[in-house]
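Close look at the chain arrangement
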Amino acid sequence: MLTVENVSKSYSSGGNVKQVLRGIELLVGEGEIVGLVGESGSGKSTLSRVIMQLEPPDEGAISFNGFPVDRRSRKAFYKECQLIFQNASAALNPSWTVREILMEPLRTMKGDRNAYIRHMLGKVKLAEVHLKKRPTELSGGERQRVNLLRSILVEPKLVVCDEIISNLDRLIQREIIDLLIALNQETGMAVLFIAHDLQAVTYMCDRVYVMKDGEIVDESTKVEGGFEFSHPYSKKLFGALLG
Ligand SMILES: Nc1ncnc2c1ncn2[C@@H]1O[C@H](COP(=O)(O)OP(=O)(O)O)[C@@H](O)[C@H]1O
Ligand SMILES: [Mg+2]
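The rules behind each value
Residues numbered from 1 in each chain as written. Chains lettered and ligands numbered in written order. Predicted model: local features only at pLDDT ≥ 70, side-chain atom pairs only at ≥ 80, totals over all residues. Heavy atoms only, no water. Pairing = 2+ DSSP bridges. Helix = DSSP H or I, 4+ residues; strand = E, 2+ residues; numbered from the N terminus. Axes fitted to C-alpha atoms, helices over the stretch in contact; angles between N-to-C directions. Contact = heavy atoms within 4.5 Å. Near = heavy atom within 4 Å. Polar contact = N/O pair within 3.5 Å; in protein donor to acceptor, adjacent residues only side chain to side chain. Nonpolar A, V, L, I, M, F, W, Y, C, P; charged D, E, K, R; others polar. Salt bridge = Lys/Arg side-chain N within 4 Å of Asp/Glu carboxyl O. Buried < 20%, exposed > 50% of the residue type's maximum accessible area, 1.4 Å probe, protein only.

**Quick word on the sheet that holds strand 5 (residues 67-69)**
Spatially, the four strands line up as an open sheet ordered 2-1-4-5, and their pairing is antiparallel. Edge strands, defined here as strands with exactly one partner in the open sheet, are strand 2 (16-28) and strand 5. In this sheet, neighbouring strand axes are inclined to one another by 35° on average, regardless of whether the strands run parallel or antiparallel. Sheet topology note: the strand 4 (residues 59-64)/strand 5 ladder contains three bridges and is antiparallel. Directly across from phenylalanine 64, in strand 5, lies its bridge partner phenylalanine 67. Taken strand by strand, helix 1 (residues 44-51) contacts strand 1 (2-13), strand 2 and strand 4, and its axis lies near 115° from that of strand 1.

Here it is as structure tokens:
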């Protein structure tokens with residue numbers, strides 16, 4: 001469904017060129033939950049921005065269901081694919097109520113938008129009382145659920161989640177992960193789950209890519225609840241988890 005082919009990206013500052021992504025090849029199939037792990041600075045967020053057409057790649061191509069995705073076609077792409085950021089507070093307009101935040105992506109929707117929102121609230125375990133609140137009046141977990149709900153209102157086929165559980169405590173992390181799994185099972189929505197939390201990735205993902213210094217160095221499909229790696233780096237990374 002989502003295909004990333006030979007994507008490279010560099011940044012230059014003060015005469016120095018820094019190669020951040022090198023020849024990235026990545027696929028997300030329909031309804032699949034795919035993990036992307038790697039230490040901080042390995043290029044995960046840059047890749048998510050390139051996929052979402054927020055920055056152009058130097059080289060390579062992104063396509064979705066066989067159609068090339070570029071800056072010009074990105075509006076149509078956003079109906080199919082949504083990005084969810086780590087920092088829900090920054091992503092939500094602080095002066096808007098939750099209702100206003102949720103109405104915004106539905107601007108062009110015909111029919112009863114309020115009824116639709118009420119129906120969808122339950123999917124992320126929020127209630128009508130939350131609609132009147134502003135982001136600062138919500139807990140961290142509630143904010144991330146509003147953020148998640150806002151992204152799924154357009155019923156995307158894929159959500160790219162960039163470290164969406166990183167600032168939350170364990171219990172709330174688990175809640176968000178279970179919501180994503182439930183949405184995946186109910187609607188077939190695929191997930192590209194970017195994280196450095198290997199336990200969370202092992203728990204929820206069908207397949208995982210390991211990234212190191214801007215390259216995908218390994219890939220594994222889950223068998224009997226676990227992953228098998230060939231690259232020493234990923235063995236070490238996941239070895240620590242088992243160890
Ligand atoms: N806009 C930018 N300009 C220059 N360097 C950047 C920019 N964005 C990211 N980088 C650099 O690219 C590398 C990868 O960053 P990032 O994609 O955020 O990694 P990750 O999300 O895996 O932590 C880092 O070294 C970072 O400093
Ligand atoms: Mg990042």
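Moving on from the coordinates now.
**A short note on the site of ligand 1**
Neighbouring residues of ligand 1: Tyr11, Lys18, Val20, Glu39, Ser40, Gly41, Ser42, Gly43, Lys44, Ser45, Thr46 and Arg49. At 2.9 Å from an oxygen atom of ligand 1 is found a side-chain nitrogen or oxygen belonging to lysine 44. Residue serine 45 places a main-chain N or O atom 2.9 Å away from an oxygen atom belonging to ligand 1. Of all the secondary-structure elements, those providing two or more residues to the shell around ligand 1 are strand 2 and helix 1. Across the shell around ligand 1, the residue classes tally to two nonpolar, six polar and four charged.

**Things to note about the pattern of salt bridges**
This model, assessed by the stated rule, comprises 14 salt bridges. Notably, a salt bridge pairs glutamate 55 with arginine 49, separated by 2.4 Å at the nearest N-O pair. A salt bridge links glutamate 219 to arginine 207; the shortest N-O distance between them is 2.8 Å. You can see glutamate 219 sitting in strand 10 (residues 215-221) and its partner arginine 207 sitting in strand 9 (residues 207-212), a full 12 residues away along the chain. Of the residues examined, glutamate 219 reaches a relative accessible area of 42% and is grouped as partly exposed. Salt bridges linked by common partners bring Lys9, Arg49 and Glu55 together as one network.

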